Amino acid sequence: MSDSMDHPFTEFLRILGKGPHSRRPLTEDEALRALQMILANQVTDKQLGAFLLLMRANGETPSELVGFVKGLRSTLNAPNLDERIDLDWAAYAGKWRYPPYFLLSIKLLVQNGYTVLLHGDAGQFSNRTYAHSVLEPLGFYQACSLSDAQHAIAQGRATYLGLEHFAPAVRGILHLKSELGVRTVFNTAVKCLNPLNARVAVQGIYHKGVENLHHAVALALQTPCNLVFKGEGGEAEIRPDALSQLYFSHKEHATQETVALKGQIERQERPKTWENDHLLELWHARLNDVYGQACVIATMAVALMAVEKWPVDVAFAHADQAWQNRLAHP
């Protein structure tokens with residue numbers, strides 16, 4: 001078959017799949033066009049699988065990721081906002097060693113007047129606990145669209161939006177992981193979407209080194225501040241018994257900053273099991289959990305460092321006070 005008769009999508013497969021001396025990454029425009037074809041169902045299942053595996057094997061570049069994220073954002077039915085919300089919080093990894101303590105950090109932030117969009121996915125693995133499964137008893141509102149989420153956030157509610165409600169086609173690609181055996185570039189892209197264009201975006205990562213990818217997207221989207229760190233289980237959650245490297249990018253000065261956050265408590269042995277009411281019991285002071293309490297405070301503190309540009313000691317003092325006063329609120 002001649003090149004003129006090839007499927008249009010083979011252009012991108014050739015670019016990514018040539019030999020080690022001939023292949024190259026996609027440009028931002030090529031990544032965007034490839035994504036548009038994928039979302040329009042203009043590729044075969046074999047082509048999509050090959051594309052995802054080639055992207056995984058080659059490793060995505062900042063330009064590719066920016067192209068994918070810009071393409072995804074162009075498909076969102078995002079509402080017009082008079083004012084940016086404070087925090088975009090991505091939660092896609094799921095937890096298995098500890099409960100998702102970061103949910104209590106978000107609850108504290110909202111209780112203290114900060115506006116936060118938590119977005120994520122139910123995932124596909126039964127050995128992980130995803131945020132959506134424990135939201136109801138904590139009082140989170142589960143939105144059904146970006147507009148619905150924006151309205152709930154404006155009312156001062158802790159709000160979660162599932163990926164199926166704002167980017168269902170991408171969710172289908174994420175769930176190919178169980179067939180492909182590896183995560184895809186779109187697992188990173190959804191973390192970086194910042195669908196309501198918050199002024200601070202927060203992402204947890206598994207491996208050091210990918211923070212530069214996240215920061216490249218944040219700068220391309222004109223996000224004033226982006227915070228990335230290796231969080232517990234891959235979520236944006238601080239381990240209070242270990243050293244954490246916090247990676248900030250700031251649009252105003254087009255700079256990146258790394259802050260070494262020391263552990264606040266001694267190393268803890270993880271629990272063998274925990275119940276779904278663990279977070280609620282901790283919130284209502286019916287459970288003694290040294291690790292959990294320290295985790296909630298530390299995770300809120302690093303968010304305050306990003307939102308308020310406070311130094312570590314000031315941010316921790318405010319977070320600790322918020323935790324002490326949490327039950328005084330109605």
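Described in the following lines is the structure provided in the data block. (Residues numbered from 1 in each chain as written. Predicted model: local features only at pLDDT ≥ 70, side-chain atom pairs only at ≥ 80, totals over all residues. Heavy atoms only, no water.)

1. A short note on unusual backbone geometry
As a reminder, the rule being used: Comment: elements are numbered from the N terminus, with helices defined as DSSP H or I runs of at least four residues and strands as E runs of at least two. Only protein chains enter the accessibility calculation, which uses a 1.4 Å probe; a residue whose area is less than 20% of its type maximum is buried, one above 50% is exposed, and one in between is partly exposed.
With a phi close to 60 degrees, Asn197 is a non-glycine residue in the positive phi region. One can find Asn197 in the loop between helix 9 (185-191) and strand 5 (200-205). Backbone geometry places Lys309, a non-glycine residue, at a positive phi of 60 degrees. Of note, Lys309 is situated in the loop between helix 12 (290-308) and helix 13 (312-324). Owing to a relative accessible area of 60%, Lys309 belongs among the exposed residues under this scheme.

2. A closer look at the packing of helix 12 against helix 13
Our working definition: Think of each axis as a best-fit line through the C-alpha atoms, taken over the contacting stretch in the case of a helix, with angles from 0 to 180 degrees between the N-to-C directions. Note on terminology: angles under 35 degrees are roughly parallel, angles over 145 are roughly antiparallel, angles of 65 to 115 are roughly perpendicular, and the others are oblique. Crossing handedness follows the turn of the near helix against the far one: under a right angle anticlockwise gives a left-handed crossing, and clockwise gives a right-handed one. By definition, residues are in contact when any of their heavy atoms lie within 4.5 Å.
Running from N to C, helix 12 and helix 13 point in directions that differ by 130 degrees, and their axes come no closer than 8 Å. In terms of orientation, helix 12 lies oblique with respect to helix 13. In this structure, helix 12 crosses over helix 13, and the sense of that crossing is right-handed. Residues Gln293, Val296, Ile297, Ala298, Met300, Ala301, Leu304 and Met305 of helix 12 lie in contact with helix 13, whose contacting residues are Val312, Ala315, Phe316, His318, Ala319, Asp320, Ala322, Trp323 and Gln324.

3. A closer look at the pairing of strand 5
Note the threshold: Only when DSSP finds a minimum of two bridges between them are two strands counted as paired.
Most of strand 5 is tucked away: six of the six residues are buried. Side-chain alternation along strand 5 places Val200, Val202 and Gly204 on one buried face and Ala201, Gln203 and Ile205 on a second face that is also buried. Where strand 1 (residues 87-91) and strand 5 come together, three bridges link them in parallel fashion. By the bridge assignment, Asp88 is partnered in strand 5 with Ala201. Relative to strand 6 (residues 225-230), strand 5 is paired through six bridges, and the arrangement is parallel. Bridge pairing in strand 6 places Val202 opposite Leu227.

4. Digging into the pairing of strand 6
It is a general feature of regular strands that their side chains alternate between the two faces of the sheet. Our working rule: Crossover handedness is defined here as right-handed if the route from the first strand over the helix to the second strand goes clockwise, with the strands pointing away from the viewer.
Along strand 6, five of the six residues are buried, which leaves the element largely enclosed by surrounding structure. Remark: the strand 5/helix 10 (residues 211-220)/strand 6 crossover connection has right-handed handedness. For strand 6 and strand 7 (residues 244-250), the ladder comprises five bridges, and the chain directions are antiparallel. What sits directly across from Cys225, in strand 7, is His250.

5. Observations regarding the pattern of salt bridges
What counts, and what does not: Whenever a carboxyl oxygen of Asp or Glu lies within 4 Å of a side-chain nitrogen of Lys or Arg, that contact is scored as a salt bridge.
Taken as a whole and judged by the stated rule, the model has 14 salt bridges. Salt-bridge contacts for Arg33 lead to Asp29; the nearest nitrogen and oxygen are separated by 3.2 Å. With Arg33 and Asp29 both in helix 2 (residues 28-39) and four residues apart, this pair spans about one turn of that helix. Its salt-bridge partner being Asp86, residue Arg199 comes within 3.0 Å of it at the nearest N-O pair. Of this pair, Arg199 sits in the loop between helix 9 and strand 5 while Asp86 sits in the loop between helix 4 (62-75) and strand 1, and the two are 113 residues apart along the sequence. Exposure remark for Arg199: the relative accessible area of 29% places this residue in the partly exposed category.

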